[in-house]
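# Descriptive analysis of the structure
Residue-level listing of the chains:
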Amino acid sequence: MVAMNLKAETFKLMDQRSAIETEMNVIIQRLWHPGGPGLTGNLFDSEGFPRSDVDIPAVLADHHHLVELRSNYNELTKKIDQNIQILHSARLSSPPSSEKDSGLGEGSVSYQAPIGSIY
């Protein structure tokens, strides 16, 4: 039962990570519009004055928000990785009920190739 809750939590985290990816892509597209500063472009002209063609406060806010999103993305990725490792270790430590009923004795190893794999 815990595994099912962990699996559901992992899928929920994956959905949250996808939403963050989408939001990050929107910000990146906004920064990379023609004439825009991009992610690392200069916000000042050659004389050291702020560029008049760029909304500097908006660009700085986008940069700041993008940094926050990347941090959240990395945290979610670590949690997803931990959950997947727990799920796989739990699956390896306890054999599925179908193996118990298949008549294989203790110590026997049964391997089923993944669907769609080519050998």
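Residues numbered from 1 in each chain as written. Predicted model: local features only at pLDDT ≥ 70, side-chain atom pairs only at ≥ 80, totals over all residues. Heavy atoms only, no water.

Attention now goes to the overall build of the protein chain. Scanning the protein chain from N- to C-terminus turns up three helices and zero strands. Secondary structure elements of the protein chain, listed N to C terminal, follow the sequence α-α-α. Burial statistics for the protein chain: of 119 residues in total, 18% are counted as buried. For the protein chain, restricting intrachain contacts to residue pairs at least 6 apart in sequence, the fraction spanning at least 24 positions comes to 60%. (Helix = DSSP H or I, 4+ residues; strand = E, 2+ residues; numbered from the N terminus. Buried < 20%, exposed > 50% of the residue type's maximum accessible area, 1.4 Å probe, protein only. Contact = heavy atoms within 4.5 Å.)

By secondary structure assignment, the location of G36 is in the loop between α1 (2-31) and α2 (56-93). For G36, a relative accessible area of 23% corresponds to the partly exposed category. Spatially, the C-alpha atom of G36 lies 6.8 Å from that of V54, the residues being 18 residues apart in sequence.

For the protein chain, per-residue confidence averages 83 on the pLDDT scale, and residues scoring 70 or more make up 75% of the total. Confidence drops under a pLDDT of 50 for residues 99-105, and excluding neighbours within four residues, the segment shows four contacts in the predicted structure. (pLDDT = per-residue confidence, 0-100.)

All right, on to the pattern of salt bridges then. As enumerated under the stated definition, the model contains two salt bridges in all. Between D62 and R30 there is a salt bridge whose closest N-O contact spans 2.9 Å. In this pair, D62 is assigned in helix α2 and R30 in helix α1, connecting sequence segments 32 residues apart. The class of R30 is partly exposed, set by a relative accessible area of 42%. Residues D53 and R51 are paired through a salt bridge, measuring 3.0 Å at the closest nitrogen-oxygen approach. (Salt bridge = Lys/Arg side-chain N within 4 Å of Asp/Glu carboxyl O.)

Here we come to the side chain of N83. Its place among the elements puts N83 in helix α2. Leaving out residues up to four positions away in the same chain, N83 has contacts with L6, E9, T10 and L13.

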